[in-house]
Amino acid sequence: MTERADLLPGTLDLLILKAVSLGALHGYGALLRINQITHGALVVEQGALYPALYRLEHQGLLDTEWGASEHNRRAKFYRLTAAGRKRLRDETESWNRTAAAMTAALGTRSREV
Amino acid sequence: MWRRVWSTARAVFGRTRLEREMAEELRFHLAERADALTAAGVPPAEAARRARIELGALERLKEECRDSRGLRPFEDLRGDLAYAFRMLRRSPGFAAVAVTSLALGIGANALVFSIVNAVVLRPLPIDAPERVFVVQTVSGQPGQSYPNYVDLRDRNTTFEGLAGYRIAPMTVESAAGTTRTWGYLATGNYFDVLGVEPLLGRFFLQDDDRRPGESPLAVLSYDEWQARFGGDAAVVGTTIRINRLPYTVIGVAPRGFHGSELFYRPAIWVPMTMQPQIEAGNPWLDRRQTFNTWIVGRLKSAVTPDQGAANLNAIAAGLVRDYPGINRGLKFKLAQPGLVGDTLRGPVRAFTLGVLGLASLVLLAACANLASLLTARASDRRREMAIRISLGAGRARLVRQLLTESMVLALAGGASGAGLAFLSARALSAWQAPIDLPVQFDVTLDLRVLLFAFVVSAAAGVLFGVAPARRASRTDPNAALKGGERGRLPWHRLAFRDVLVAIQVALCFVLVAACLLSLRGLQRALVMPLGFDPRGVAIAGFDVGLAGYTRAEGEVLQRRVREEVLRLPGVVAAAYANSIPLSLDQSTTTRSSRVRSCARTNRWVADSATVRVRSSRSSAWSRMAAIRHWSKIHALWCSNRSCRNTTPRRR
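Definitions and limits used
Residues numbered from 1 in each chain as written. Chains lettered and ligands numbered in written order. Predicted model: local features only at pLDDT ≥ 70, side-chain atom pairs only at ≥ 80, totals over all residues. Heavy atoms only, no water. Helix = DSSP H or I, 4+ residues; strand = E, 2+ residues; numbered from the N terminus. Buried < 20%, exposed > 50% of the residue type's maximum accessible area, 1.4 Å probe, protein only. Areas by Shrake-Rupley, 256 points an atom, 1.4 Å probe, with all protein chains shown as cover. Patch = residues over 30% accessible without salt bridge, like charges linked within 9 Å, V, L, I, M, F, W, Y side chains within 5 Å. Salt bridge = Lys/Arg side-chain N within 4 Å of Asp/Glu carboxyl O. Lys, Arg positive; Asp, Glu negative; His and termini not counted. Charge placed at Lys NZ, Arg CZ, Asp CG, Glu CD. 1 Å grid on protein atoms, 1.4 Å probe; cavity = no way out; pocket = protein on both sides within 12 Å on 5 of 7 lines; lining within 4 Å. Points joined across faces, edges and corners; volume = space filled by probe spheres on them. Nonpolar A, V, L, I, M, F, W, Y, C, P; charged D, E, K, R; others polar. Pairing = 2+ DSSP bridges. Expected span 1.5 Å × (residues − 1). Arc of directions from axis to C-beta. Contact = heavy atoms within 4.5 Å. Buried area = accessible area lost by both parts, 1.4 Å probe. Polar contact = N/O pair within 3.5 Å; in protein donor to acceptor, adjacent residues only side chain to side chain. Axes fitted to C-alpha atoms, helices over the stretch in contact; angles between N-to-C directions. Left-handed = near helix turned anticlockwise from the far one by under 90°. Phe/Tyr/Trp six-rings, centres within 6.5 Å; stacked < 30°, edge-to-face > 60°. pLDDT = per-residue confidence, 0-100.

Caption draft 1: Structural view of the overall build of chain B. Helix and strand counts for chain B come out as 20 helices and 16 strands. Going through the 651 residues of chain B one by one, you find that 48% of them count as buried. Split by element, the accessible area of chain B, about 31800 Å² in all, is 60% carbon and sulfur.

Structure, rendered in structure tokens:
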């Protein structure tokens, strides 16, 4: 099992957008999906999830719809809007740039300077 | 951006739904989590417990979700409002005093403002009123001779139309009886210039202007149509008699249209060319020296008022050249219509704004009063404030809470004030001045007045709320909780309240002084020596000249009426005259040259000596003065056949 890491600030929203982009999810499902795609490496506080979902919906990045869960309970499903898809693309690019820069910076050895 | 506003608005207005969905969503989460734990081998009860612990405190979570929807300010406001209402319910006496004093202050302001609105701000109810102007001389004379008017109308290039009109009384006979009625003489383009559409039938046409005396037509005002003809649409096309001659009713003016003068309520319009018949014995349509025509015009759309006036003055120069004696110094200006051009506008505006100033002083006094009441309350609530501050309430948050309370008071006061103003405005609109001329103002509370009342209430709420709220929020929790009632610097608070009291006393002094002054003035006017004693005198007017009596017949009638009245029990004396003291009397004054001074000395009856009433030999417009028993006099007239065309009027 991989070692668990804390979530960097701002990454929760990005993770939720990514999780939901793979298919409509209810809140609990989003939690499981994030767990799945990060291979359990990132811990998402259950209490932090819902305010984040409400915030993303408020910003028009997510749409909601009531439907039946796999256990046939009534659940609120979130799906990505067009604005959400665009935001996910932009954030992913910006994350990749940052990550590449960080990797390069941290991989520097003294004789390369 | 709009999406967030929409999302917040949906959350605010669909609050119950949002709450329900939020609860259901979290319940679902707990159920799913518990299921997962049970599947992993945890006993069900333990699984449910652990799911709840993992999710955290539910209420705080919901609070955070609401914040994410931008609901925080609204939630605070809800809380503040609920709290404010609870506080006010707990001290109903204070609330009642506060709301009542505000209602009086705001009501007075709203009422006066609705008058200002009616006479100064609100445009006439006509099409594109900003292009309609009254043509008056630079010296402020509203009247022009009719021939001058015709020249202006035909020679100008800047007006879509210039219309002439004149206030005139006439005797109208219809199935409903005979009355002396005030109306307008108006040129054929009058309604076109004002841009009014008839409610029924048609208005005058340019053609109706052509030949004097050949257009016996009449347009009724809405009120007259309702009152006299019961709102019957079949009235159009029927014939009524005006000054004994038949006229055809061709149309009814729309409701709320009273011509171009704000104070005057005409009942009827008759073509200007009928002037010789309406004002029998005094034809002036072809007289350049009779300045009886008022002129109103509508500028063409691209023309400025200055260009219009310049155009008219170029024509005036020609008129001066052609008729130097009569038209000497003739020079025009354009004025806003409504108050005899703007001859009355200056005084009316000064008076109403003066009263508005007084009313705002009343409101200021009420505010000062409330501010000191609130300050007193704040010192009673020091413990409450101290506890809230120690629990972590921010200063700004406390100020907002207290301001919400004063806003609730202010808006409640404003609403009751607007109600008061509405009632008094209705009474004022229904009031008719006790004079012959139908003087009436249309004072109603429109949107602008309501907006004014709202803004004034909000301003008042801030005015009397801010200082006490700021002071309360500066409470030192330590001192207040430890030291009981007296915190630090008691003299400071007292000084503030002393200032408020001083302001209040000063304002009240000004108001009381102003009130007493005007009361004294009114009182003086009431006891001003008239030179006669008006007690117990009843007056009736009748117009036999317009009813077709010859002068000799009229004299006989007048003598007979006087004798009959004298025979009534309780009547001490009776007299007739062409004019009574202290009254407006247009008809008489235009004929005054005919009146000879008293042939027989009649004394003003109730009086011991002084006034001698002139007795009119002409039959034009005579008045009876008698004592008491008005109803009997009335009955006598109504039963007297020879008088059936006259209408007794009570003054």
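There is more to say after this.
Caption draft 2: Expanded view of a negative patch on the surface. A surface patch of like charges, here negative, comprises D127, E130, D192 and E197 of chain B. As for its position among the elements, E197 of chain B is in the loop between α8 (190-194) and β5 (200-201).

Caption draft 3: Geometry of the pattern of salt bridges. A full pass over the atoms with the stated rule returns 22 salt bridges over all chains. The shortest N-O distance in the salt bridge between R79 of chain A and E65 of chain A comes to 2.6 Å. One end of the pair, R79 of chain A, is in strand β3 (residues 74-80); the other, E65 of chain A, is in strand β2 (residues 62-68), with 14 residues separating them in the sequence. On the accessibility criterion, R79 of chain A (40% relative accessible area) is partly exposed. In this structure, R60 of chain B and E64 of chain B form a salt bridge, with 3.5 Å as the shortest nitrogen-oxygen distance. With R60 of chain B and E64 of chain B both in helix α4 (residues 58-68), this residue pair falls four residues apart, about one helical turn. Residue class for R60 of chain B comes out exposed when judged on its relative accessible area of 59%. Judged by relative accessible area, which is 32%, E64 of chain B ranks as partly exposed. Connected through shared salt-bridge partners, E57 and K76 of chain A together with E25 of chain B make up one network.

Caption draft 4: Representation of empty space enclosed by the protein in the model. Residues and elements named next belong to chain B. Applying the stated criterion across every chain, the model contains six cavities of 30 Å³ or more. Around the largest cavity, the lining residues are L374, R377, A378, R381, L402, E405, S406, G465, P468, A469 and A472. Going through the elements one at a time, α12 (345-380), α14 (395-430) and α15 (447-473) are the ones with two or more residues in the lining of the largest cavity. Top element by residues in the lining of the largest cavity is α15. It accounts for four residues. The residue inventory of the lining of the largest cavity, partitioned by class, reads six nonpolar, two polar and three charged.

Caption draft 5: A nonpolar patch on the surface, seen in detail. Residue and element names in this part refer to chain B. Side chains of L411, L451, F454 and V455 sit close together on the surface and give an oily, nonpolar patch of about 380 Å² of accessible area. A total of three residues in the nonpolar patch trace back to one element, the largest contributor, which is α15. Note that L411 resides in helix α14. Judged by relative accessible area, L411 falls into the partly exposed class, the value being 36%.

Caption draft 6: Spatial organisation of the pairing of β2 of chain A. Residues and elements named next belong to chain A. When β2 meets β3, the two strands line up antiparallel, connected through seven bridges. When the bridges of β3 are listed, T64 appears paired with Y78. In textbook terms, the turn of a hairpin is the stretch between consecutive antiparallel strands, and for β2 and β3 this stretch comprises five residues, one of which, N72, has a positive phi near 65°.

Caption draft 7: Seen up close, helix α18 (residues 551-567) of chain B. Residue and element names in this part refer to chain B. Here α18 contains 17 residues, and its C-alpha end-to-end distance of 25 Å stays within 8% of the 24 Å for a straight helix at 1.5 Å per residue. If you check which residues of α18 are buried, you get G554, E555, L557, Q558, V561, R562 and V565. Buried residues in α18, looked at end-on, bunch into an arc of 165°, giving them a common side. Opposite the packed face of α18, turned more than 90 degrees from it, sit the exposed residues A552 and R567.

Caption draft 8: Region of the structure containing the interface of chain A and chain B. Taken together, the contact pairs 23 residues of chain A with 27 residues of chain B. Approximately 2400 Å² of surface area, both sides summed, lies buried where chain A meets chain B, with 54% of it carried by carbon and sulfur atoms. Across the chain A-chain B interface, the total number found is 10 residue pairs in polar contact (both at pLDDT 80 or more). Of all elements in the fold, only α2 (27-37), α3 (46-58) and β3 of chain A reach the threshold of two or more residues within the side of chain A that touches chain B.

Caption draft 9: Highlighting the packing of α3 of chain A against helix α2 (residues 15-39) of chain B. At a closest axis distance of 12 Å, the pairing of α3 of chain A and α2 of chain B adopts a crossing angle of 145°. For the pair α3 of chain A and α2 of chain B, the sense of crossing is right-handed. On α2 of chain B, the residues that touch Q46, Y50 and Y54 of chain A of α3 of chain A are L18, M22, E25, L26, H29 and R33 of chain B. By residue class, the composition of the contact of α3 of chain A with α2 of chain B is five nonpolar, two polar and two charged.

Caption draft 10: View of the packing of aromatic side chains. Residue and element names in this part refer to chain B. For the structure on display, the rule yields 15 aromatic pairs over all chains. Geometrically, the ring pair formed by Y184 and Y264 is edge-to-face, given 5.1 Å between the ring centres and 75° between the ring planes. With Y184 in strand β4 (residues 177-186) and Y264 in the loop between β8 (245-252) and β9 (268-271), this pair connects stretches of sequence that are 80 residues apart. When its relative accessible area of 0% is taken as the criterion, Y184 is described as buried. Ring centres of F191 and W269 lie 5.5 Å apart, and the angle between their planes is 65°; on these two criteria the pair is classed as edge-to-face. Of this pair, F191 sits in helix α8 while W269 sits in strand β9, and the two are 78 residues apart along the sequence. Taking relative accessible area as the criterion, F191 reaches 1% and is therefore assigned buried. Given a relative accessible area of 0%, W269 falls into the buried group. The rings of Y165, Y184, Y190, F191, F203, F204, F257, Y264, W269 and W294 are connected pair by pair, giving a single aromatic cluster.

Caption draft 11: Representation of the confidence of the model for chain A within the structure. Overall, the predicted model of chain A reaches an average pLDDT of 84, with 94% of residues at or above 70. Confidence, read as mean pLDDT per element, is least for β2 of chain A in chain A (85) and greatest for helix α4 (residues 82-106) of chain A (90).

Caption draft 12: Structural detail: the sheet that holds β3 of chain A. Read from one edge of the open sheet, three strands run β1-β3-β2 (chain A), paired in antiparallel fashion. Single-partner strands in this sheet number two, and they are β1 (25-26) and β2 of chain A. The sheet contacts of helix α1 (residues 11-21) of chain A involve β1, β2 and β3 of chain A, and relative to β3 of chain A the element is tilted by about 100°. Relative to the sheet, α2 of chain B contacts β1, β2 and β3 of chain A, its axis offset from that of β3 of chain A by approximately 100°.

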